[in-house]
Amino acid sequence: MTDTRRTWSEAESARYRAAGYWEGVTFGARLRAGAARHGERVALVDGDRRWTYAQLDAEADRVAGGLRGLGVGRGDRVVVQLPNRAEFLLVWFGLQRLGAVPVHAMPGHRRREIGHLVRVSGAVACVVPDRHARFDHRRLMREVRAEQGADGSLRHVVVVGDPGPDDGFVSFEALRTAPPLTSVPGSDDGGAHASDVALLLLSGGTTGLPKLIPRTHDDYAYNARACAEVCALDAGTVYLAVLPLGFNFAFACPGVLGTLTAGGTVVVAPDPSPQTAFALVERERVTLTSLTPPLVPHWTEEAAAGSWDLGSLAVVQVGGARLPEDHARKLGPALGVTVQQVFGMAEGLINLTRLDDSEDLICATQGRPVSPDDEVLVVDDDGAPVPDGTAGELLTRGPYTLRGYYRAEEHDRTAFTPDGFYRSGDVVRRLPSGHLVVVGRTKDQINRGGEKVAAAEVEEQLLTHPAITAAALVGVPDERWGERSVAFVVCPGAAPGAREVAAHLRECGLAGYKAPDEVVPVADLPLTAVGKVDKAELARRLPRA
Ligand code: OOB
């Protein structure tokens, strides 16, 4: 199928290459080079299992050999829905070795999201765990496969763990014990080019269903390297992956890829609790980790109450949603670390506070862009730039920010300005230092502690409930999540409660985190002057907790 995605112009590409941002090296080739350079250093730790760089490289060959046996090759998309286990990375690098393209799904995604990802990406395979968090992903995949039908692109389901009896699902273990991929030309990366799409990330979304974000080898490697430089990563770095590996933040900001670029060690945490994490910090001498804001109070409390040795931990990044300033101020002293705020997006632009910024900048801003060539505009409703200090929408363009979503030309027309700036939907203030303060957003999305919920996607499903005739999902301030979701529903008869609505949305195949925290029946939905649902008015009607 032809790839009509919008991308950087020849002139811009040449400029990014000349500046040294785009190095022309694929991830498959990078892994090979890493094995040559850091061979015996430990690259990856999962519980008692460890892989050196050389072993990770050899493992990628094995996984690639098995996948190739299934017919997976260069350019093929494969949906990866795996929890924080080493297998996520073994599969990811196995795919890179073939020049195939992982599609990052979240562990919480269900029939609707996974089905959508498979359809839009035209994925030939999905890789899932047998069970995770008391949920059977094989059952999910049976439903997805049935829905896609014989005409769909989906050919294989690879299961980490027990593939079950007779669904034709392939065991990951069987795959990786197939004969390894031996040296043939292009064997580092299946002959992929650094300007090819290397992976597809999910956008938080504002419209019906999430968009896919194409990231090239060149741009994504630069994303990771630019962050790694700001964070001063080196071969002594031990990164603890607490947040889902599929999340751009944990994967490349600098996260997993930044750490591996620097020759450091990645440790995966099976859950984000401070107890699990602190035990790993002690045992593996972790130096860096990243969190979303809702975790911060728990980590702060446990550090104060427990008797953990967190001496190795130097930097804790926090991002994905707004971090309350007082939480930021407490976190550093409680853990004995430097806090770094991260304001990023899967679409590209990453802002980091610098390690040597003043405490005020670290605690009260969301950082500044990592690349000197990140272009940031803060504009008013008419698209005109506003002075520093004034709030406006953030538009951005640069060496690792997308120019178009994957197969979404219609959406691209409004998501970008004519000269290629991505409209982030975030309302920010820029300080003279270049630091940004996130003050709100224009996009119809709820940010529940870092998990993004597109209001339109949930509203559409709410309307499929027989009792509901109109619905609006609104984000309201929340102590714990930063924001929680409230569904205002119009019901001629008896209104369903939050539990019933959650069960209904689960029936619809929607991920659990998208269920509204509250359901509020209303007589009608107020409209704005232009006839849109007035969500600000709805939020005002809510009694303050
Ligand atoms: C990260 O990526 P996404 O794609 O899940 O979400 C991006 C959106 C931003 O446009 C903004 O609305 C919000 O999440 N956001 C923040 C924030 N960081 C992200 N809002 C306020 N303060 C922050 N620090 O969330 C993401 C990607 C890479 C690194 C970090 C976060």
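Residues numbered from 1 in each chain as written. Predicted model: local features only at pLDDT ≥ 70, side-chain atom pairs only at ≥ 80, totals over all residues.

Student: Please give an account of the overall build of the chain that cites residues and values.
Tutor: In terms of helices and strands, the chain carries 18 helices and 27 strands. For 545 residues, the compact-globule formula gives about 24 Å, and the C-alpha radius of gyration of the chain, at 23 Å, lands near that figure. Along the longest, intermediate and shortest principal axes, the C-alpha atoms of the chain span 65 × 55 × 55 Å. Burial statistics for the chain: of 545 residues in total, 53% are counted as buried. Taking the intrachain contacts of the chain between residues at least 6 apart in sequence as the baseline, contacts between residues at least 24 apart amount to 68%. (Helix = DSSP H or I, 4+ residues; strand = E, 2+ residues; numbered from the N terminus. Rg over C-alpha atoms; globule rule 2.2 N^0.38 Å. Buried ≥ 20, exposed ≤ 12 C-beta atoms within 10 Å, placed from the backbone. Contact = placed C-beta atoms within 7 Å.)

Student: Run through the packing of helix α2 (residues 27-38) against helix α4 (residues 86-98), naming residues and quoting values.
Tutor: Between α2 and α4, the least distance of the axes is 7 Å, while the angle of their chain directions is 110°. As judged from the angle between their axes, α2 and α4 are roughly perpendicular. Listed contacts from α4 to Phe 27, Gly 28 and Leu 31 of α2 are Phe 93, Gln 96 and Arg 97. Residues of the contact of α2 with α4, tallied by class, amount to 3 nonpolar, 2 polar and 1 charged. (Axes fitted to C-alpha atoms, helices over the stretch in contact; angles between N-to-C directions. Parallel < 35°, antiparallel > 145°, perpendicular 65-115°, else oblique. Nonpolar A, V, L, I, M, F, W, Y, C, P; charged D, E, K, R; others polar.)

Student: Describe the confidence of the model for the chain, listing the residues and the values that go with them.
Tutor: This prediction gives the chain a mean pLDDT of 96; 98% of its residues lie at or above 70. For this predicted complex, the interface confidence reaches an ipTM of 1.00, while the overall pTM sits at 0.97. (pLDDT = per-residue confidence, 0-100.)

Student: I'd like a description of the domain arrangement of the chain, backed by residues and values.
Tutor: Along its sequence, the chain is carved into domain 1 (27-32 + 54-193), domain 2 (219-441) and domain 3 (445-541). Domain 1 and domain 2 are separated by 28 Å when their C-alpha centres are compared. Where the side of domain 1 that touches domain 2 is concerned, the elements lending two or more residues are α2 and α4. Here the side of domain 1 that touches domain 2 is built from residues that sort into 8 nonpolar, 2 polar and 2 charged. (Domains from an automatic or database assignment.)

Student: How would you sum up the sheet that holds strand β20 (residues 392-397)? Please name residues and give values.
Tutor: In spatial order, the strands read β19-β20-β21-β22; together these 4 strands make up an open sheet with antiparallel pairing. The sheet is open, and its two borders are formed by β19 (375-379) and β22 (436-441), each paired with just one other strand. Neighbouring strand axes in the sheet, compared pairwise and without regard to direction, differ in orientation by 45° on average. Strand direction decides the pairing type here: β20 and strand β21 (residues 422-430), joined by 4 bridges, are antiparallel. (Pairing = 2+ DSSP bridges.)

Student: Report on unusual backbone geometry, specifying residues and quantitative values.
Tutor: A cis amide bond links Cys 253 with the next residue in sequence, Pro 254, at an omega value of -5°. With respect to the helices and strands, Pro 254 occurs in the loop between α9 (248-252) and α10 (255-261). Residues other than glycine seldom take positive phi values, yet Arg 134 does so here, at roughly 60°. On the secondary structure map, Arg 134 appears in the loop between β6 (131-132) and β7 (135-136). Residue class for Arg 134 comes out exposed when judged on the 5 C-beta atoms lying within 10 Å of it. Even without glycine at this site, Arg 407 takes up a positive phi of about 50°.

Student: Please set out the site of the ligand residue by residue, giving values where relevant.
Tutor: Residues in contact with the ligand amount to 23 residues; listed here are only the nearest, Phe 249, Phe 343, Gly 344, Met 345 and Ala 346. Elements with a contribution of two residues or more to the shell around the ligand: α9, β16 (338-345), β21 and β22. Residue composition of the shell around the ligand, grouped by class: 9 nonpolar, 10 polar and 4 charged. Among the domains, domain 2 (219-441) and domain 3 (445-541) are the pair contributing at least three residues each to the shell around the ligand. (Near = placed C-beta within 6 Å.)

Student: How would you sum up the pairing of strand β10 (residues 197-202)? Please name residues and give values.
Tutor: In terms of burial, β10 is a largely internal element, 6 of the 6 residues being buried. One ladder, built from 5 bridges, connects β10 with strand β11 (residues 212-216); its direction is antiparallel. Residue pairing for β11: Val 197 is matched across the bridge by Thr 216.

Student: Run through the sheet that holds strand β26 (residues 482-490), naming residues and quoting values.
Tutor: Two pairing modes exist for strands in a sheet, parallel and antiparallel, and in both the strands are linked by backbone hydrogen bonds. Pairing within the open sheet is mixed, and its 3 strands lie in the order β25-β26-β27. Each edge of the open sheet carries a strand with a single partner, namely β25 (470-478) and β27 (518-521). Shown here is a sheet whose adjacent strand axes are inclined to one another by a mean of 30°, direction ignored. As defined by bridge partners, β26 adjoins β27 across 4 bridges and the pair is classed as parallel. Paired with Phe 488 across the strands is Val 520, a residue of β27. Its contacts with the sheet put helix α16 (residues 455-462) on β25 and β26, and the angle it makes with β25 is roughly 135°.

Student: A description of the nonpolar core should follow, citing residues and the corresponding values.
Tutor: Val 78, Cys 126, Ala 241, Val 256 and Val 267 are the most contacted members of the largest nonpolar core, which has 139 residues in total. Top contributing element to this core by residue count: α4, with 9 residues. In this structure, Val 78 is in contact with Val 72, Leu 95, Ala 100, Val 101, Pro 102, Val 103, Ala 123, Val 124, Ala 125 and Val 127, ignoring residues within four places of it in sequence. Membership of the second largest hydrophobic core comes to 22 residues, among which are Leu 462, Ile 468, Ala 487 and Leu 505. (Core = buried A, V, L, I, M, F, W, Y, C linked by C-beta atoms within 7 Å.)

Student: Kindly report on the UniProt feature "domain: AMP-binding enzyme C-terminal" (unreviewed entry) in the chain, identifying the contributing residues and their values.
Tutor: UniProt records the feature "domain: AMP-binding enzyme C-terminal" (unreviewed entry) at residues 457-532, using the numbering of this structure. The distance from the first to the last C-alpha atom of residues 457-532 is 16 Å, and the span holds 21% helix and 29% strand. (UniProt positions renumbered as here; feature names shortened; annotations may be inferred.)

Student: Requested: an account of the environment of Asn 248, with residues and values cited.
Tutor: By the element assignment, Asn 248 lies in helix α9. Here Asn 248 is in contact with Leu 201, Cys 253, Gly 344 and Ala 346, once residues within four sequence places are set aside.

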